[in-house]
Amino acid sequence: MKLYKILATVIFFFIAGTGSGQTKIISGVVKDSHSEEPIPFASVIFKNTSVGTLTDSAGRFNFYFEKLPSDTLLITCVGYQPSLFTLYPKKDTLIAEVLLEPGTFNEGVVVRIKVNKGLLLWRKIVKHKPDNDRYRFKNFSYELYNKLELDIKNLNFDRLAKFKPLHPVSDLIRSNVDTSEGLKYLPSYLTEVISDYYYQKKPEKYREVIKAANTNGVKNESIVKLLGGMDQNIDVYKNFIPVFDKQFVSPISDNGDFYYKYQVVDTQFFNHHKFYHMVFTPRRKGENVFEGDCWVNDTTFAIQKINLRLDKDANINFLDRLSLIQEYSLINDSTWFLSKDKFVADISPLGKDKLGFIGRKTTTYKNVVTNDSSVTNELARNKIKEEVITLPGADVKSKEFWSSSRHEELSSSEKAIIKMIDTLTNAPAFKRFTRAVNFFGTGYLDAGNYQFGPWYNTFTYNGWEGYRVRFDLGTNHHFDKHFWWHGYLAYGFGDQKLKGKAELFYLPKKHPRLYLYGSYTKDLDFGQNYYGEVTSDNIFALAIRKPHIPIKYMRMEEKRFEFYNEHRSGLSTLLAVTNKSFLPLKNIPSKDSFVLKNGRDAMTSFETSLKIRFAYLEKFLENDFFRTSLGSPYPIGEIYLSKGFAGVLHSGYDYFKISGSVSDYIKIPPYGSFSFNVYAGRTFGTLPYVLLDIAPGNELYYYNSYAFNTMNRYEFIHDKYVGVNLDYNIGNGIFRFISLTRKLKFRQFFTLKTLWGSLSEKNKAFNFKQGSGFQTLDGRTFMELGTGVDNILRVFRLDFVWRVLPRPLPEVKSERFGVFGSFRLSF
């Protein structure tokens, strides 16, 4: 058997003694090199002898000899590579920490009996799941301690030092970190959270009260909440276990035998209890499953400890290695309850052995209470199903508080990490470096109280303006914690016109959210702008426009005021007042075609609108002023009402609009994920096309999730419409059956977009002038079907889209088939 080089750290203590009969003491602990968790019942023997022992349940071992049987220890364990450890005979006392490299659980495990004891044990575990899962209790509570560390790995210090702009940063790191033997990890973030967690089965309620938070690095309350117990619950007794945004089949799943092979490899006694050691491995390649082992109590068939590793063929991005460990302890004579979680992930976005990150999250549970009235009394304070409360002063606890309140003391390396992070983050050179990285990554640059960017809108070109330059300036939280203002000026060298925008945002309250917003815009209308999509006002749009499609140019002047109010229930209202004026410029019917007899301004509107949105238990990632939705476990519904008033601020039209939508994202493990959006709307009134419902088209080869990609802008207009968008990502699908595509981790998906619409006779007569080029579906169906390959090189998606219905008119240069690309980041 080939022996691999061990990864070991040895600390030697010399005890002076006299006489040749001095007893030699060898003690140590065997740990997993990735998770740094102790390995129980590993074999530790002297090489080429029969002398040895097993580590105890905490991974420790001890030897006492007058003379060493051999100068080398051989350490072996199922699921790990065998390791050699050299002893120094001249030392009388040696304390060793041996780190075993993970191997395979298939190696060395052979079952020679007709009855598979592993399968029988798995069936017993599944049968007793209702008796062992902690969610069997009517209610429970515990104190939770969460610790998260994030390190930069594989940092090439020599290369960093050679890059002149980074000289100040490399000098700073050199002065704070020992780089003499190479720099493997650079600590960048460490946070600790202590909270009280409460659960009730009927009616189902959850509550977490964050009592203390100690953040070293990025300080963000929304991140602290996401690192608490509410969003980090992993239950191995469930059929599926979340790994980032993917769902993996649990080895304790009800149909786990379809996905795993099980084997019992050992039986041990500790703490007066008998335990079976069971290992599990994937049955097939390319499925989202784990490999690992667990220790199972022989009486209750409860899990005492489980170790999960990521299978090398699992279809998940950027993860080089992953370890997930859960330990359970007795809270009475027969009840096992979760006592410790550990999650270690090596994230390598650039590839193995390249610059990446290691995240380590450790969670411990104390003061467990089950089926007690104190839990229901606390949960009675909930106003909704789930609540996360951060107590005032949680982020300013003293060192003395943390020393006495931590469930486990910080290691010497963790204490050093806190000191180093504090030194780095407060150093001017490191601040300049992080600002530069942020600028190139997000497009924005902070300088004092102000913010410049985004840089990718600085320069572009189009057929109306020619070359266009734009300068953006805004404020940040240093200027004011509640007010944010932003503006830009743009100039086209072709039309020789100055454009711009000014906006002011006031945020008096974050939770629940309340804000006021006002803006003035005078610029070209660049079409629908959706989060994460490319618009025409972008330097990248120059290279991806569809050829032979006339670009429509429209100038817009808009004054807008908003009042937003959110309730804890997930209900929010947005009241807006808007005054808009449109001026068609090129390749679109002119304003002169819509002259009003009453002398009012054509293509000018004044409207008030109300948007009602319900997103129950929606979560967000927030910065100082704005936030990004992380979704909701429930469907999200919206209703939009607007009323136009003629004669107000030169408005020429009276009208009323109503629209609504329901959308959801559903995970259906192990069959991928499914999302849908159903929407409908109606406009009452005779209006020009700019105020009607324009079906969203896409004139770029960059795929737009929210638009019809084989439809042009302004191709179809309606005053009544219904639409359905479906997107089904099947995961690796057929690609898992082909070795190359399985290795490349390609993913398969299908899309369907449909629209039904019509236009009243009055609006047809008002808009369908000669040469307008407009169409309406008149009750017909517009349908797009798509499929393609996702996860190309981990970030690129290729969509093949067919326009099934209706056929494009000869004079309309729309495509019946198109190939579109886009960048999509996901695990």
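Refer to the structure presented above.
Predicted model, so just to flag it, every value in this text is computed and none were measured. (Residues numbered from 1 in each chain as written. Predicted model: local features only at pLDDT ≥ 70, side-chain atom pairs only at ≥ 80, totals over all residues. Heavy atoms only, no water.)

As for the overall build of the protein
Secondary structure assignment for the protein yields 11 helices and 43 strands. Out of the 827 residues belonging to the protein, those deemed buried represent 48%. Pairs at least 24 apart in sequence give 64% of the contacts found in the protein among residues at least 6 apart. Surface exposure of the protein reaches about 40800 Å², of which carbon and sulfur atoms provide 57%. (Helix = DSSP H or I, 4+ residues; strand = E, 2+ residues; numbered from the N terminus. Buried < 20%, exposed > 50% of the residue type's maximum accessible area, 1.4 Å probe, protein only. Contact = heavy atoms within 4.5 Å. Areas by Shrake-Rupley, 256 points an atom, 1.4 Å probe, with all protein chains shown as cover.)

Considerations on the pattern of salt bridges
Taken as a whole and judged by the stated rule, the model has 41 salt bridges. Across the pair R513 and E622 runs a salt bridge whose closest N-O atoms are separated by 3.9 Å. Note that R513 is positioned in the loop between β27 (497–509) and β28 (514–524) and E622 in strand β32 (residues 619–622), a separation of 109 residues in sequence. Note that R627 and E566 form a salt bridge whose closest N and O atoms lie 2.8 Å from each other. (Salt bridge = Lys/Arg side-chain N within 4 Å of Asp/Glu carboxyl O.)

Here we look at helix α1 (residues 117–127)
The periodicity of an α-helix, 3.6 residues per turn, causes residues three or four positions apart to be oriented the same way. All buried positions along α1 are accounted for by G118, L121, W122, I125 and V126. Summarising the axial view, the buried residues of α1 lie within an arc of 140 degrees, below the 170-degree limit, and thus occupy one face. Among the exposed residues of α1, those pointing more than 90 degrees away from its buried face are K117 and K127. Buried residues in α1 make contact with α2 (129–132), β14 (260–270), β15 (273–282), β16 (290–297) and β17 (303–310). Looking at where α1 begins, the residue whose side-chain oxygen comes 2.8 Å from the main-chain nitrogen of G118 is N116. (Arc of directions from axis to C-beta. Polar contact = N/O pair within 3.5 Å; in protein donor to acceptor, adjacent residues only side chain to side chain.)

Section: the side chain of E192
Inspection of the secondary structure puts E192 in strand β10 (residues 185–200). A residue is classified by how much of its surface remains accessible, and E192, at 0% relative accessible area, is buried. A polar contact is formed between the side chain of E192 and the side chain of Y145, at a distance of 2.6 Å.

Description of unusual backbone geometry
Omega for the bond connecting K202 with P203 falls within 30 degrees of zero, at -15 degrees, which places this linkage in the cis form. With respect to the helices and strands, the residue P203 is situated in the loop between β10 and β11 (205–216). Residues G453 and P454 are joined by a peptide bond in cis, for which omega reads 15 degrees. Relative to the helices and strands, P454 resides in the loop between β23 (450–452) and β24 (459–462). Here H650, not a glycine, exhibits a phi torsion of approximately 70 degrees, which is positive. Among the structural elements, H650 can be located in the loop between β34 (636–644) and β35 (655–667). Given the relative accessible area of 57%, H650 is considered exposed.

Quick word on the nonpolar core
Counting residues in hydrophobic clusters, the biggest one holds 53 residues, and the most contacted among them are F140, Y260, F290, I303, L308, L319 and L322. Looking at which element gives the most residues to this core, the answer is strand β19 (residues 336–347), with 6 residues. Beyond its immediate sequence surroundings of up to four residues, L322 is in contact with H34, V243, F244, F290, L308, R309, L310, F343, V344 and A345. (Core = buried A, V, L, I, M, F, W, Y, C linked by side-chain atoms within 4.5 Å.)

Notes on the sheet that holds strand β7 (residues 83–86)
Taken in spatial order, the 4 strands make up an open sheet running β4-β3-β6-β7, and their pairing is antiparallel. Where the open sheet ends on each side, the last strands, each with one partner, are β4 (52–54) and β7. Across the sheet, the mean angle from the axis of one strand to that of its neighbour is 20 degrees, orientation sign disregarded. Bridge count for strand β6 (residues 72–76) against β7 is 4 bridges, and the pairing is antiparallel. (Pairing = 2+ DSSP bridges. Axes fitted to C-alpha atoms, helices over the stretch in contact; angles between N-to-C directions.)

Here's the deal with the side chain of R406
Summarising the element assignment, R406 is placed in the loop between α7 (399–405) and α8 (412–425). The class of R406 is buried, set by a relative accessible area of 17%. At a separation of 2.4 Å, a polar atom in the side chain of R406 contacts the side chain of E192. Aside from chain neighbours lying at most four places away, what touches R406 is Y145, E192, I194 and N214.

Some details on the pairing of strand β40 (residues 747–758)
Of all 12 residues in β40, 9 are buried; the element is thus mostly enclosed. Strand direction decides the pairing type here: strand β39 (residues 720–731) and β40, joined by 11 bridges, are antiparallel. Bridging across to β40, V722 finds its partner in W756. Bridge analysis of β40 against strand β41 (residues 781–792) gives 10 bridges, and the strand direction is antiparallel. What sits directly across from L755, in β41, is F782.

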